[in-house]
Structures are given as structure tokens and as C-alpha cells.
Amino acid sequence: SLAAKFLADYPASWLLAEVYEIASKACIDLGETQCALEMGQQSLRLFPENPLLLVPLATAQLQSGLLEQAKSSASDALDLLDRFAAPAGTQPGEWTALAQQLRASSYYALGRVYSMEGLAESGANRRRLLERALEAVHHAIASSPNDPELVYLRGLMLLALGRFKEASVDFRAVAARSGPVRERARAQLKKLNAPEEQDETEPAERTDKSVVAPSPPVAGYAGSKACERCHAVEFEA
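Residues numbered from 1 in each chain as written. Predicted model: local features only at pLDDT ≥ 70, side-chain atom pairs only at ≥ 80, totals over all residues. Heavy atoms only, no water.

(A) Structural detail: the overall build of the protein chain. Helix and strand content of the protein chain: 11 helices and 0 strands. Buried positions account for 39% of the 237 residues belonging to the protein chain. For the protein chain, contacts bridging at least 24 residues in sequence account for 52% of all contacts bridging at least 6. A total accessible area of about 14300 Å² is found for the protein chain, and carbon and sulfur atoms account for 55% of it. (Helix = DSSP H or I, 4+ residues; strand = E, 2+ residues; numbered from the N terminus. Buried < 20%, exposed > 50% of the residue type's maximum accessible area, 1.4 Å probe, protein only. Contact = heavy atoms within 4.5 Å. Areas by Shrake-Rupley, 256 points an atom, 1.4 Å probe, with all protein chains shown as cover.)

So, in C-alpha cells, the structure goes:
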């Protein structure tokens, strides 16, 4: 309300970009997506080099099904984060942490866009887009390695690509931690461990001859506990 009043009272203020940004973020918090998009575009028209707005705007565009716009906002944010120094008034350590979060969110948005586009396609184009989604999620995890939602999304991408063994590793990592996707990861593990109960349409492209299902353990399989001594990092993961 304060932002709207300011815009009405001072339509030629030099602070318009900042006030439009405040209004856009307030609309996002209120769940008013259309207002967020309109106010955000007004702010970016005056100050386009603003990853602090581009990233939440990409998420709002994604939620509205505006995939191309979300892709553009996320890509622009990543470009700006690579090219520009920290905003005035921010501490170096503080900006480093924030920039990492912004990168993770941008790559997450790109991963979601490519995955949605890929799942709507078929054949080679489907695989190409899902591979791009997987690459984006890899970058997101590199920027925010402790986010289980990112690991879960990577598991879904691997599953869609028929890489069941790798997907199960991600689902196990998520299922071992508390969080909003824990139960979903456990459900995916249950499906992977009981493939005969899966619907024939899951995961994607089962008919692709390049996809090989993981082999069952051979006789004498030692189990993960035997690996802990020499491969502590992998065992913990």
C-alpha cells in the first residue's frame, strides 16, 4: 500500500525503480502474481541490471507458466552476477553468500523450465531438453549443496532420463534428511525398488534402447557398509 501511494504521489521520482521493485516483491509475498510481474517489469525498465529482482521474478513467471520469460530472467540474472560487482553498501562476505543463493535459484528456475519443456516433447528433443535441465540442476546444487529440494529435482531428471541407479542415490540422500520432500523421495525409492508396480509410462522413454536398467546385485555383494572405511565421503553421501 505504501509503494502504491508513493507511485501515485511521486510519478516522476528518481526512486521509481526501487519503489517498483518493493511493490513487485510485496505482490509476490501476497501471492498476487500479475501485480508482481507488472511492477517488476516497470522496475526493470528503469534499472535492468538487477539480479535481486530478476531472480524472484523468474520464479513468479515460472509459476504463471511463462516459461520463455522465466528462462530469460534467470539467464539475465546469471549473466549479471558474473559481470557485476557487489551492490553498494553490502559487505563482501554477505554478498558472496547472497550471490550463491541467487545463482542457485536462477539455475533451479532454468532446470524447471527445461524439464517442463522436455517432458512435453518426445524422442531426441525430449532427451536434449532433459539433459539441459539436468545440467542446470547440477549448477544449482554446486551453488547450494545443502538444499534437499535441488537434489530431489536432480533425482527426478535422472529418473526421466532412465538413469535409475543415479536417481536412487539422490533419492536416498534426500530420504535420509528431514524436509518437505523427504516423503516424496521415499516414495520414489519404493517405486525404484518395485519396478513391476510402476506404470508403463514411468519413467520417461522406457523404450529407448540406449537406456539400460541397473543390474541386480551379484552373488557375494558386500554392501555399502564394507565401503565406509576407504570411501567415507561417498558412504556419507
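(B) Quick look at the packing of aromatic side chains. Overall, the coordinates contain 2 aromatic pairs when judged by the stated rule. With centroids separated by 5.0 Å and ring planes inclined at 45°, the aromatic side chains of F6 and Y10 adopt a geometry described as tilted. Judged by relative accessible area, which is 22%, F6 ranks as partly exposed. Where Y152 meets F171, the ring centres are 5.6 Å apart and the plane angle is 50°; that geometry is what we call tilted. Residue Y152 is located in helix α8 (residues 148-160), and its partner F171 is located in helix α9 (residues 164-175); the two are separated by 19 residues in the primary sequence. Taken as a pair, Y152 and F171 share a single burial class, namely buried. (Phe/Tyr/Trp six-rings, centres within 6.5 Å; stacked < 30°, edge-to-face > 60°.)

(C) View of the confidence of the model for the protein chain. This prediction gives the protein chain a mean pLDDT of 85; 81% of its residues lie at or above 70. Within the model, the stretch residues 195-218 combines pLDDT values under 50 with 29 contacts to residues more than four positions away or in other chains. (pLDDT = per-residue confidence, 0-100.)

(D) Seen up close, helix α4 (residues 51-63). With 13 residues, α4 should cover 18 Å at 1.5 Å per step; its first-to-last C-alpha distance of 18 Å lies within 8% of that length. Turning to α4, its buried residues number three or more, namely P51, L53, L54, V55, L57, A58, A60, Q61 and L62. Against α2 (16-30), α3 (33-46), α5 (67-83) and α6 (92-119) lie the buried residues of α4. (Expected span 1.5 Å × (residues − 1).)

(E) Up close: the packing of α4 against α6. At their nearest, the axes of α4 and α6 sit 10 Å apart, and the two run at 25° to each other. As summarised for this structure, α4 and α6 are arranged roughly parallel, according to the angle between their axes. The handedness of the crossing between α4 and α6 is left-handed. Counting all contacts with α4, which are made through P51, L52, V55, A58 and L62, the residues of α6 involved are W95, L98, L102, S105, S106, A109, R112, V113 and M116. The class makeup of the residues in the contact of α4 with α6 is 11 nonpolar, 2 polar and 1 charged. (Axes fitted to C-alpha atoms, helices over the stretch in contact; angles between N-to-C directions. Parallel < 35°, antiparallel > 145°, perpendicular 65-115°, else oblique. Left-handed = near helix turned anticlockwise from the far one by under 90°. Nonpolar A, V, L, I, M, F, W, Y, C, P; charged D, E, K, R; others polar.)

(F) Layout of α9. Counted at 1.5 Å a residue, the expected span for α9 with its 12 residues is 16 Å, and the 16 Å between its end C-alpha atoms agrees. Within the sequence span of α9, burial applies to F164, A167, S168, D170, F171, V174 and A175. The arc that holds every buried residue of α9, seen down its axis, measures 165°, which confines them to one face. In this fold, the buried residues of α9 make contact with α8 and α10 (182-193). (Arc of directions from axis to C-beta.)

(G) Examining the nonpolar core more closely. Of all hydrophobic cores here, the largest spans 32 residues; its most connected members are L110, Y152, M157, L159, F171, V174 and A185. Those elements that provide at least two residues to this core are α5, α6, α7 (123-143), α8, α9 and α10. Excluding its chain neighbours within four sequence positions, the residues that come into contact with Y152 are F171, V174, V181, R184, A185 and Q188. Judged by nonpolar contacts, the second largest core, of 13 residues, contains L53, V55, A60 and L81. (Core = buried A, V, L, I, M, F, W, Y, C linked by side-chain atoms within 4.5 Å.)

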